[in-house]
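# Structural overview
One-letter residues, chain by chain:
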Amino acid sequence: MKHIRLQHDYAIVLQQVNDTGEEDFEALAESLRFGPAQLAHIIQELHHKGLIVSRNSSYGLWIRLSAKGKKFVRTLWPESAMAAY
């Protein structure tokens, strides 16, 4: 995997989504105390890097890690891979 640089806020979003498996936009913004515009920008950037995928539903926008995002998280936080077992 090529080197990916992330700002602190971006890593926090990845960690939160990894911990929950999938997160809706509003709950994610509330739990991280990010404004909607700030979170939308972070999600757009993480999507552009291929680390997350999102889907629209009647309940809002849902975000989860992509396969690349899961692999990246395991390199950042190896202990997160152990928690899955």
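First, a word on what this report is: a plain description of the structure on this page. What you see is a predicted model, and the numbers here were worked out from it, not measured in a lab.

## Thoughts on the environment of L76
Relative to the helices and strands, L76 is located in helix α4 (residues 67-76). Relative accessible area serves as the criterion here: at 37%, L76 is assigned to the partly exposed category. Measuring from C-alpha to C-alpha, the distance between L76 and A11 comes to 9.0 Å, with 65 residues separating the pair along the chain.

## Comments concerning the sheet that holds strand β3 (residues 60-65)
Pairing within the open sheet is antiparallel, and its 3 strands lie in the order β1-β3-β2. Looking at the sheet topology across the chains shown, the edges are occupied by β1 (23-24) and β2 (52-57). Note that β1 and β3 share 2 bridges and pair antiparallel. Paired with D24 across the strands is W62, a residue of β3.

## Focus: the nonpolar core
Grouped together as the largest cluster of nonpolar side chains are 22 residues, with contacts concentrated most on V13, L14, L28, L39, L46, I52 and I63. Every element with two or more residues in this core is listed here: α1 (8-20), α2 (25-32), α3 (36-48), β3 and α4. A total of 5 residues in this core trace back to one element, the largest contributor, which is α1. Among all residues touching L14, those that are not within four sequence positions of it are L6, L46, L51, I52, L65, F72 and V73.

Cut-offs used in this document
- Residues numbered from 1 in each chain as written.
- Predicted model: local features only at pLDDT ≥ 70, side-chain atom pairs only at ≥ 80, totals over all residues.
- Heavy atoms only, no water.
- Helix = DSSP H or I, 4+ residues; strand = E, 2+ residues; numbered from the N terminus.
- Buried < 20%, exposed > 50% of the residue type's maximum accessible area, 1.4 Å probe, protein only.
- Pairing = 2+ DSSP bridges.
- Core = buried A, V, L, I, M, F, W, Y, C linked by side-chain atoms within 4.5 Å.
- Contact = heavy atoms within 4.5 Å.

As far as function goes, none of this settles anything; it's purely spatial.
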